[in-house]
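Each chain, written out:
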Amino acid sequence: MTTTSSLHHDGVRIPVSRGGRGRPLVLCPGLHSTQADLYELTALLRRDHDVVTFDLRGHGLASAADRYTFDGFLSDLAAVLNGPAAGMAEPDGRGPHSAPLLVGYSLGADLAVHYAAEHPGSVAGLILVDGANPLPEPFLAEADLPWFRALAEDQAREAERTRGTARQVLLSARDILGLGAEIDGIRSGILDRYRRIDCPITMIMSTAIAGDSGEGRAPRHNRLWRAGVERLVHERPHISISWLDADHRLVFTHAPDIAEIIRSACRPAEGPDS
């Protein structure tokens, strides 16, 4: 059974869904993704977990915001984790509180790292899907700006097709550009956040975040992506890394693989009789 509700904070309405049974898990979407987009992964995870999903401000069935910033999105995640829908007792309210696993995709992974660093003991583990990468240099070099500007404009135009649906994204091209630059800056300092996290971390990363073309920006961005992970593992060698032969759409194209990695990551904590 799936239950739906909404919470209101910071002037926005955040829709929340909960379903499944088992170990509690909160799934945080990324920029330009919604809980409706993540339906396949959500369904797979609900076989083993009590899963909470939600939409970030300006995405899906959430309401629009005046501005879109990393801190604003982080406050959405915090509101969900601290709200009644993710109170992680049994649905009838009789079960004990249990810290959830926190799964984040893309921007959602960065939000998960920041939340866990700021709230020790609040989550049982992090599963980071193609995000929260401590890149050794910015993705958006000066030469990349024309490409990224065109991409942002294409995404904003494409979003018109989903307007009024559960997959809508209300961000403008200007919003997307600003967030891209902000996320680059945040990732440059994210190693410090990792040092403050007290729970197990599993990363699921794409081998070709920018696609498999041997031309244009793809080779540089793919090298940077791997270099960032290598930098993190050197700093935090106990982090578990799984690579999938995919681009940044892996959460949509490889949902069964991701669900199995998450299931495997959870097995040691479930005991010998699970």
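Relevant structure appears above.
Notes on the structure in this doc start here. All values reported here derive from a predicted model rather than from experimental measurement.

**Overview of the overall build of the protein**
1) Next: Check the secondary structure of the protein and you find 9 helices and 8 strands.
2) Next: Its C-alpha atoms give the protein a radius of gyration of 18 Å, within 12% of the compact-globule value 19 Å for 274 residues.
3) Next: Counting only C-alpha atoms and orienting by the principal axes, one finds that the protein spans roughly 55 × 45 × 30 Å.
4) Next: Relative to its 274 residues, the protein shows a buried fraction of 52%.
5) Next: Long-range pairs, those at least 24 residues apart, make up 74% of the contacts in the protein between residues at least 6 apart in sequence.
6) Next: Carbon and sulfur atoms make up 50% of the accessible area of the protein, which amounts to about 12500 Å² in all.
7) Next: For the protein, the distance from the average site of its 28 positive side-chain charges to the average site of its 36 negative ones is 2 Å.

**A word on the sheet that holds strand 6 (residues 125-129)**
1) Next: Pairing within the open sheet is mixed, and its 8 strands lie in the order 1-2-4-3-5-6-7-8. The strands lining the two open edges of the sheet, one partner per strand, are strand 1 (2-9) and strand 8 (240-244). With strand direction ignored, the average angle separating the axes of adjacent strands in the sheet is 20 degrees.
2) Next: Where strand 3 (residues 23-28) and strand 5 (residues 101-105) come together, 4 bridges link them in parallel fashion. Looking at strand 5, one finds that Cys28 is bridged to Gly104.
3) Next: Sitting on the sheet, helix 2 (residues 70-82) touches strand 1, strand 2 (12-20), strand 3, strand 4 (49-54) and strand 5, and the angle it makes with strand 1 is about 125 degrees.

**Section: the environment of Arg23**
1) Next: Along the chain, Arg23 turns up in strand 3.
2) Next: Through-space distance from the C-alpha of Arg23 to that of Leu101 is 7.9 Å; in sequence the pair is 78 residues apart.

**A few points about the packing of aromatic side chains**
Each aromatic ring pair is described using two quantities: the centre-to-centre distance and the angle formed by the ring planes.
1) Next: With the rule as written, the count across this model stands at 4 aromatic pairs.
2) Next: A centroid spacing of 5.9 Å and a plane angle of 80 degrees characterise the contact between Tyr105 and Phe252, whose relative ring orientation is edge-to-face. In this pair, Tyr105 is assigned in strand 5 and Phe252 in helix 8 (residues 250-253), connecting sequence segments 147 residues apart.
3) Next: Ring geometry for Phe139 and Trp225: centres 5.7 Å apart, planes at 45 degrees, overall tilted. Taken as a pair, Phe139 in the loop between strand 6 and helix 4 (145-159) and Trp225 in helix 7 (residues 218-235) lie far apart in primary sequence, 86 residues in all. Of the two residues examined, Phe139 and Trp225, each falls in the buried class.
4) Next: Stacked on the ring of Trp147, the Lys or Arg Arg217 has its end atom at 3.5 Å from the ring centre.
5) Next: The positively charged end of Arg226 is found above the aromatic ring belonging to Trp243, 4.0 Å away from the centroid.

**Digging into the pattern of salt bridges**
Side chains bearing opposite charge may pair, as long as their charged atoms lie close to each other.
1) Next: As enumerated under the stated definition, the model contains 16 salt bridges in all.
2) Next: Note that Arg167 is salt-bridged to Asp37, the shortest N-O span being 3.0 Å. With Arg167 in the loop between helix 4 and helix 5 (173-188) and Asp37 in the loop between strand 3 and helix 1 (39-45), this residue pair connects regions lying 130 residues apart in the sequence.
3) Next: Where Asp110 meets Arg187, a salt bridge forms, and the shortest distance between an N and an O atom there is 2.8 Å. One end of the pair, Asp110, is in helix 3 (residues 107-118); the other, Arg187, is in helix 5, with 77 residues separating them in the sequence.
4) Next: Overall, the relative accessible area of 9% leaves Arg187 in the buried class.

**Some thoughts on the pairing of strand 1**
1) Next: Pairing of strand 1 with strand 2, which is carried by 8 bridges, proceeds in the antiparallel orientation. In the sheet register, His8 faces strand 2, and the bridge partner there is Arg13.
2) Next: Remark: 2 residues form the turn of the hairpin made by strand 1 and strand 2, two consecutive strands paired antiparallel; Asp10 in that turn has positive phi of roughly 50 degrees.

**Some words on the pairing of strand 7 (residues 201-206)**
In summary, the side chains of a regular strand alternate between the two faces of the sheet.
1) Next: With 6 of 6 residues buried, strand 7 is to be regarded as a mostly interior element.
2) Next: Side chains Ile201, Met203 and Met205 project from strand 7 onto one buried face, and the interleaved Thr202, Ile204 and Ser206 project onto a second face that is buried too.
3) Next: For strand 6 and strand 7, the ladder comprises 4 bridges, and the chain directions are parallel. Pairing of Ile127 across the sheet is with Thr202, part of strand 7.
4) Next: Bridge count between strand 7 and strand 8: 5 bridges; the pairing is parallel. Each residue of the ladder has a partner; that of Met203, found in strand 8, is Ile241.
5) Next: Where the polypeptide runs from strand 7 across helix 7 and back to strand 8, its parallel neighbour, the crossover connection is right-handed.

The rules behind each value
Residues numbered from 1 in each chain as written. Predicted model: local features only at pLDDT ≥ 70, side-chain atom pairs only at ≥ 80, totals over all residues. Heavy atoms only, no water. Helix = DSSP H or I, 4+ residues; strand = E, 2+ residues; numbered from the N terminus. Rg over C-alpha atoms; globule rule 2.2 N^0.38 Å. Buried < 20%, exposed > 50% of the residue type's maximum accessible area, 1.4 Å probe, protein only. Contact = heavy atoms within 4.5 Å. Areas by Shrake-Rupley, 256 points an atom, 1.4 Å probe, with all protein chains shown as cover. Lys, Arg positive; Asp, Glu negative; His and termini not counted. Charge placed at Lys NZ, Arg CZ, Asp CG, Glu CD. Pairing = 2+ DSSP bridges. Axes fitted to C-alpha atoms, helices over the stretch in contact; angles between N-to-C directions. Phe/Tyr/Trp six-rings, centres within 6.5 Å; stacked < 30°, edge-to-face > 60°. Lys NZ or Arg CZ within 6 Å of the ring centre and 35° of its normal. Salt bridge = Lys/Arg side-chain N within 4 Å of Asp/Glu carboxyl O. Right-handed = clockwise from strand over helix to strand, strands pointing away.

Taken by themselves, the reported measurements are silent on function.
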